[in-house]
Amino acid sequence: MALKVTSWNINSVRLRADQVLRHIDEVGPDIVCLQETKCPDSQFPSAAFRSRGYVHIATNGQKGYHGVAILSRIPFSQTGMMAFCGQNDCRHISVRLPPRYSSLEIHNFYVPAGGDIPDPELNPKFRHKLDFLAEMQDWITAERPADRNAVLLGDLNIAPLRSDVWNHKALLNVVSHTPVETDMLETIRSSGGFVDAVRALAPEPEPIFTWWSYRAKDYLASNRGRRLDHIWLSPSVMPALQGYLVSAQARGWERPSDHVPVTVTLDM
């Protein structure tokens, strides 16, 4: 039984609902996990997605900032959400699928971007990012979701590997690729027991990017990208991994998000 799961920072779901529908029509994911929806739950454009068969929708949103959502053709047996750093800023939502899908858990995260200055003493946004990652580490150590059938995905706002950025040396002091961030993210993943699905199929040194700055007039010509969007699988789910797709062409659509969809196919 094939199961396609997409992760995408959509950067305003109301502004780009038509792009989500285009991705749905072109790729046909069973589950779409969105980040940075920037939309209160009461104003989420559910009708547009239900019209395509995504009648099961879980949202954790607020006005103007952050927000996560999961759209699914498959019913949920359970939903949940967590708050980090004492802030209810809508950065996590989870669902559990029915037993016929191995009771698969999906955890959808939007990690703070961290601002521009990679110094927690000078930049409160960077301090918040590091604190958020520390709490992720505490959660993943205590709850051990990777000991079950689980997927952890989302805009984790860190490009951990050398080939996850267009220039490793140039970005070592740029937020999203600093050693403190990359070390923390890899510790969370490895100590938590998860496997990076995309890199399992496309290991380094192959460059893979999922984000290109709006400042780049021709994003493909310069190709100064970063891989900020990730899909991790628990060891019990890894044998089901059949393939992945980074839909880079979406960055060239009209009024695009600066992120593109990442999709994995699982044989459940």
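Note that the structure is predicted; figures quoted are calculated from it, not measured.

Calculation criteria
Residues numbered from 1 in each chain as written. Predicted model: local features only at pLDDT ≥ 70, side-chain atom pairs only at ≥ 80, totals over all residues. Heavy atoms only, no water. Buried < 20%, exposed > 50% of the residue type's maximum accessible area, 1.4 Å probe, protein only. Helix = DSSP H or I, 4+ residues; strand = E, 2+ residues; numbered from the N terminus. Pairing = 2+ DSSP bridges. Right-handed = clockwise from strand over helix to strand, strands pointing away. UniProt positions renumbered as here; feature names shortened; annotations may be inferred. Axes fitted to C-alpha atoms, helices over the stretch in contact; angles between N-to-C directions. Contact = heavy atoms within 4.5 Å.

Engineer: What exactly am I supposed to notice about the pairing of strand E1 (residues 2-9) here?
Structural biologist: Regular strands have side chains that alternate between both faces of the sheet. Buried residues dominate E1, accounting for six of its eight residues. Across six bridges, E1 lies against strand E14 (residues 262-267) in antiparallel orientation. Note on E14: the bridge partner recorded for Ser7 is Val262. In terms of strand pairing, E1 meets strand E2 (residues 31-35) through five bridges, oriented parallel. Counterpart to Thr6 in the pairing with E2 is Val32. The β-α-β motif built from E1, the intervening helix H1 (residues 17-27) and the parallel element E2 has right-handed crossover chirality.

Engineer: Would you take a moment to explain the UniProt feature "domain: Endonuclease/exonuclease/phosphatase" (unreviewed entry) in the protein for this structure?
Structural biologist: On the UniProt side, "domain: Endonuclease/exonuclease/phosphatase" (unreviewed entry) is annotated at positions that read residues 7-259 here. In this annotation, residues 7-259 is assigned 23% helix and 22% strand; the end-to-end C-alpha distance for the span is 10 Å.

Engineer: Is there a simple way to think about the sheet that holds strand E4 (residues 68-72) in this case?
Structural biologist: Note: strands within a sheet are paired through backbone hydrogen bonds, in either parallel or antiparallel orientation. Ordered by their spatial adjacency, six strands build an open sheet running E3-E4-E2-E1-E14-E13, and the pairing between neighbours is mixed. Unpaired on one side and paired on the other, strand E3 (56-60) and strand E13 (241-246) mark the two borders of the sheet. Looking at each pair of strands side by side, their axes are set apart by 10 degrees on average, direction ignored. Pairing of E3 with E4, which is carried by five bridges, proceeds in the antiparallel orientation. Residue pairing in the sheet places Ala58 in a bridge with Ile70 of E4. Helix-sheet contacts for H1 involve E1, E2, E4, E13 and E14, and the interaxial angle to E1 is about 155 degrees.

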